[in-house]
Amino acid sequence: MFAHDLNAFKEYDKAVTDENLFDDMRDCQTDLHRWGRANQVSFDPSKESMHVLALRGGQGANFRLLGIPFDNGLLMQD
């Protein structure tokens, strides 16, 4: 089985540092991969990415979600 277009979202208080956000994302990714191995689900590493979206300027490269381009600052200027 292959997972397609799996996304995770979590809202944080703006005082949380990007380092803490990425730590949480890596923990989520680790848990998801563990679940995938247990359930015979494969994930394509070339399609995995992590992003912090924030009006103050986020972290991570621009990306496409269902064909729509996004930038991490949500300025839609890609």
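Every value quoted in this text rests on a predicted model; they were computed, and no experiment measured them.

Trainee: Help me understand the side chain of H51, please; the structure alone is not making it clear to me.
Mentor: Residue position: H51 is located in the loop between α1 (18-38) and β1 (63-65). Here the side chain of H51 touches S49 through a polar contact of 2.9 Å, side chain to side chain. If sequence neighbours within four positions are ignored, H51 has contacts with M25, Q59, G60, A61 and F63.

Trainee: I would appreciate a short explanation of the pattern of salt bridges in the present structure.
Mentor: This model, assessed by the stated rule, comprises two salt bridges. Close ionic contact of D31 with R34 constitutes a salt bridge, the shortest N to O distance being 2.9 Å. With D31 and R34 both in helix α1 and three residues apart, the pair spans about one turn of that helix. With a relative accessible area of 46%, R34 lands in the partly exposed category.

What counts and what doesn't
Residues numbered from 1 in each chain as written. Predicted model: local features only at pLDDT ≥ 70, side-chain atom pairs only at ≥ 80, totals over all residues. Heavy atoms only, no water. Helix = DSSP H or I, 4+ residues; strand = E, 2+ residues; numbered from the N terminus. Polar contact = N/O pair within 3.5 Å; in protein donor to acceptor, adjacent residues only side chain to side chain. Contact = heavy atoms within 4.5 Å. Salt bridge = Lys/Arg side-chain N within 4 Å of Asp/Glu carboxyl O. Buried < 20%, exposed > 50% of the residue type's maximum accessible area, 1.4 Å probe, protein only.

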